[in-house]
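Residues per chain, in single letters:
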Amino acid sequence: MAPAEDYVPFRGLDTATARELLSVLPGRALSDRQNRAPSLGALLAACASADGSVRLSGYGIGPQREDERLSVEAVWVGDTDLAEYKVDERHGPGCQCDSLWQAVARRYRLDAQDGPDEVLRTRPEWAGGAQGWRLWWD
């Protein structure tokens, strides 16, 4: 039975769900990416191995549409040792968003074709209010 909706947003995708998706999605789906973001497979692997400190947000396009897919637009990283980075929304002098992104990409083996379009410090309710970084690709 097909889902009722053809567009389903999600936030805070967890470790268990990432592991399940890695085991059932075909390789071509895992190689897909949201614009220049990391591949779905790399993002799911990071989430699956991070024991809750990496969560994913995005949307699913259902089988009712020709472009059925799972797209991740943002990754939330709640590693406490990354909390000291300084990020300025205007990316002025002293902004460390590039260094933060490089640390996250290296640590979690993220294969993005470019850095995120936005980096914000957040405390999402689905992470129990824990502080972390939201990295988003348009």
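No experiment lies behind these values; they were computed from the predicted model shown.

*Asks:* Can you help me understand the pairing of strand 2 (residues 54–61) in this one?
*Replies:* Two faces make up the sheet, and in a regular strand the side chains alternate between them. When you tally the buried positions in strand 2, you get eight out of eight residues, the bulk of the element. Residues of strand 2 alternate between two faces, with V54, L56, G58 and G60 on one and R55, S57, Y59 and I61 on the opposite face, all of them buried. Relative to strand 2, strand 1 (residues 7–13) is paired through five bridges, and the arrangement is antiparallel. Paired with P9 across the strands is Y59, a residue of strand 2. Pairing analysis gives eight bridges linking strand 2 to strand 3 (residues 69–77), with the strands arranged antiparallel. Across the sheet, the residue bridging to R55 is W76, located in strand 3.

*Asks:* Explanation requested: the nonpolar core in the structure shown.
*Replies:* Where a protein is soluble and globular, its nonpolar side chains tend to be buried together. If you look at the biggest cluster of nonpolar residues, it comprises 34 residues, and the most contacted ones within it are V54, L56 and L110. Contributions of two or more residues to this core are made by strand 1, helix 1 (15–24), helix 3 (40–49), strand 2, strand 3, helix 4 (97–108) and strand 5 (132–136). Sequence-distant contacts of L56, defined by excluding residues within four places in its chain, comprise F10, R11, G12, L13, L43, L44, C47, V72, A74 and V75.

Conventions and cut-offs
Residues numbered from 1 in each chain as written. Predicted model: local features only at pLDDT ≥ 70, side-chain atom pairs only at ≥ 80, totals over all residues. Heavy atoms only, no water. Buried < 20%, exposed > 50% of the residue type's maximum accessible area, 1.4 Å probe, protein only. Helix = DSSP H or I, 4+ residues; strand = E, 2+ residues; numbered from the N terminus. Pairing = 2+ DSSP bridges. Core = buried A, V, L, I, M, F, W, Y, C linked by side-chain atoms within 4.5 Å. Contact = heavy atoms within 4.5 Å.

Shape descriptors only; they carry no functional weight alone.
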